[in-house]
Amino acid sequence: MDPGLRRLNGLPREEAEAELRTCCASRRWAAQVAAKRPFADRAALWAASAAAMDGLDWGDVEEALRAHPRIGERAGGASREAAWSRGEQAGMADAGDDLKAASPRATGSTSGGSGTCS
């Protein structure tokens, strides 16, 4: 079994939820995924994640989006989440002017994203 999956399966519920929120900051998503443990393999984890994602309402999505910098902004700090975010955002540095102009930051959109957790 994958060592990370073994670790997730062995964590107390609250710690598992906190760990999952590093991937998607929706508390409802994290609670639902954590409740499905133990996972036999990654496919089972992904299935639980997808099922939980399907049950989110827009407020849950907004909660998850608020945890991420807006497109083109860089996350500060030394946390794992900040490092992941910086890696995700780095692609905008090489984006064409047309893509940069269409980004929510340039257009003034307040939605913060496409409506999905990533």
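This text follows the structure it describes.
The structure presented is a predicted model; accordingly, all values stated were derived computationally and were not measured.

Caption draft 1: The arrangement of the overall build of the protein in detail. Within the protein, the regular secondary structure consists of 8 helices and 0 strands. Along its sequence from the N terminus, the protein presents helices and strands in the succession α-α-α-α-α-α-α-α. Counting over 118 residues, the protein shows a buried share of 31%. Residue pairs at least 24 apart in sequence account for 54% of intrachain contacts in the protein once pairs closer than 6 positions are excluded.

Caption draft 2: Spotlight on the packing of helix H3 (residues 27-35) against helix H4 (residues 42-54). Interhelical geometry of H3 versus H4 gives an angle of 140° and a closest axis separation of 9 Å. Here H4 runs oblique to H3, going by the angle between their axes. Our pair here, H3 against H4, has a crossing hand that is right-handed. On H4, the residues touching Trp29, Gln32 and Val33 of H3 are Leu45, Ala48, Ser49, Ala52 and Met53. Within the contact of H3 with H4, the residues separate by chemical class into 6 nonpolar, 2 polar and no charged.

Caption draft 3: Examining the environment of alanine 16 more closely. Along the polypeptide, alanine 16 turns up in helix H2 (residues 13-20). Taking the relative accessible area as the measure of exposure, alanine 16 reaches 0% and is therefore buried. As for alanine 16 and arginine 37, which are separated by 21 residues in sequence, their C-alpha atoms are 9.4 Å apart. If sequence neighbours within four positions are ignored, alanine 16 has contacts with Leu8, Leu11, Ala34 and Arg37.

Caption draft 4: A look at the packing of H2 against H3. With their axes 8 Å apart at the nearest point, H2 and H3 run at an angle of 125° to one another. In terms of axis orientation, H2 runs oblique to H3. With respect to the hand of their crossing, H2 and H3 are arranged in right-handed fashion. Residues Ala16, Glu17 and Leu20 of H2 form the contact with H3, whose own contacting residues are Trp29, Ala30, Ala31, Val33 and Ala34. Taken together, the residues of the contact of H2 with H3 sort by class into 7 nonpolar, no polar and 1 charged.

The rules we used
- Residues numbered from 1 in each chain as written.
- Predicted model: local features only at pLDDT ≥ 70, side-chain atom pairs only at ≥ 80, totals over all residues.
- Heavy atoms only, no water.
- Helix = DSSP H or I, 4+ residues; strand = E, 2+ residues; numbered from the N terminus.
- Buried < 20%, exposed > 50% of the residue type's maximum accessible area, 1.4 Å probe, protein only.
- Contact = heavy atoms within 4.5 Å.
- Axes fitted to C-alpha atoms, helices over the stretch in contact; angles between N-to-C directions.
- Parallel < 35°, antiparallel > 145°, perpendicular 65-115°, else oblique.
- Left-handed = near helix turned anticlockwise from the far one by under 90°.
- Nonpolar A, V, L, I, M, F, W, Y, C, P; charged D, E, K, R; others polar.

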